[in-house]
Amino acid sequence: MSDTENAVEPEEVRHVAQLARIDLDDEEVDRFTDKFADILGYFETLDEVPEVDEEEELANVMRPDEVRDSLPQEEALDNAPESEDGYFKGPNVS
């Protein structure tokens, strides 16, 4: 898919790699130069896809909220592996 129109220069690949703080050797630069050119070619192909008519504005199809009785706290905590002072207890995160 690479052609001279989509050519990507090795210097551009090195610049992108530097911005991403990635060290690339010469072989990797050559490989990514080809891959970047392929990716740009794919984007050009996407540009050729015809646009579709804009869809009508979406409407909310969800049911309205209803107030209902909730599960009693004790019953909800019965399902928890651990609870403390009336609350669910989760693992420590550091």
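Owing to the predicted nature of the structure, the values given are computational and were not obtained by experimental measurement.

Further remarks concern the packing of helix H1 (residues 10-19) against helix H2 (residues 26-47). Relative orientation of the contacting elements H1 and H2 amounts to 105°, with a least axis distance of 9 Å. On the basis of the axis angle, H1 is roughly perpendicular to H2. Contact with H1, carried on its side by Pro10, Val13, Arg14 and Val16, involves Asp26, Val29, Phe32, Thr33 and Phe36 of H2 and no other residues of that element. Tallied by class, residues from the contact of H1 with H2 come to six nonpolar, one polar and two charged.

Here H2 spans 32 Å end to end across 22 residues, near enough to the 32 Å set by a 1.5 Å rise per residue. Two or three places before Glu27, at the opening of H2, Asp25 has a side-chain oxygen 3.2 Å from that residue's backbone nitrogen.

What follows covers a nonpolar patch on the surface. A cluster of nonpolar side chains, contributed by Ile39, Leu40, Tyr42, Phe43, Leu46 and Val49, occupies part of the molecular surface with about 610 Å² of accessible area. Looking at the secondary structure, you find Val49 in the loop between H2 and helix H3 (73-78).

As a further point, take the packing of aromatic side chains. Taken as a whole, this structure holds one aromatic pair when the rule is applied. Ring centres of Phe32 and Phe36 lie 6.2 Å apart, and the angle between their planes is 55°; this geometry places the pair in the tilted category. Taken together, the residues span about one helical turn, with Phe32 and Phe36 both in helix H2 at a distance of four residues. Assessed through its relative accessible area of 27%, Phe36 is described here as partly exposed.

For the rest of this paragraph, the subject is a negative patch on the surface. Judged by side-chain charge, Asp25, Glu27, Asp30 and Asp34 come together as a negatively charged surface patch. Along the chain, Asp25 falls in the loop between H1 and H2.

Parameters at a glance
One numbering rule holds for all chains: residues counted from 1, following each sequence as written. Local features are withheld for residues below a pLDDT of 70 in this predicted model, meaning they are given only at 70 or higher, and side-chain atom pairs are given and counted only at 80 or more; totals for whole chains, interfaces and linings count all residues. Side-chain metrics in this entry use all non-hydrogen atoms of the structure; hydrogen atoms and water are not considered. Interaxial angles span 0 to 180 degrees and are taken between N-to-C directions of axes, which are lines fitted to C-alpha atoms, for helices over the stretch in contact. Only DSSP runs of H or I covering at least 4 residues are called helices, and only runs of E covering at least 2 are called strands; the numbering of each starts at the N terminus. The scheme is simple: roughly parallel for angles under 35 degrees, roughly antiparallel for over 145, roughly perpendicular for 65 to 115, oblique for anything else. Contacts: residue pairs with any heavy atoms within 4.5 Å of one another. Ten residue types, Ala, Val, Leu, Ile, Met, Phe, Trp, Tyr, Cys and Pro, are classed as nonpolar, four, Asp, Glu, Lys and Arg, as charged, and the remainder, Gly among them, as polar. A helix's residues, less one, multiplied by 1.5 Å, set its expected span. Between N or O atoms, a polar contact is any pair within 3.5 Å; within protein, one atom must be a potential hydrogen donor and the other a potential acceptor, and residues adjacent in sequence are included only when both atoms are from side chains. Two distance rules govern patches: like charges are joined within 9 Å, and nonpolar side chains (Val, Leu, Ile, Met, Phe, Trp, Tyr) within 5 Å, applied only to residues with over 30% relative accessible area and no salt bridge. Accessible surface area values rest on a Shrake-Rupley calculation with a 1.4 Å probe, where residue burial reflects the displayed protein chains alone. Each reported salt bridge corresponds to a side-chain nitrogen of Lys or Arg within 4 Å of a carboxyl oxygen of Asp or Glu. For this analysis, a ring pair means two rings from Phe, Tyr or Trp (six-membered ring only for Trp) whose centres lie within 6.5 Å, classed as stacked if their planes differ by under 30 degrees, edge-to-face if by over 60, and tilted for the remaining angles. Only protein chains enter the accessibility calculation, which uses a 1.4 Å probe; a residue is then buried when its area is under 20% of its type maximum, exposed when over 50%, and partly exposed in between. Note that His is not counted, nor are the chain ends; the positive residues are Lys and Arg, and the negative ones are Asp and Glu. To locate a charge, take atom NZ for lysine, CZ for arginine, CG for aspartate or CD for glutamate.

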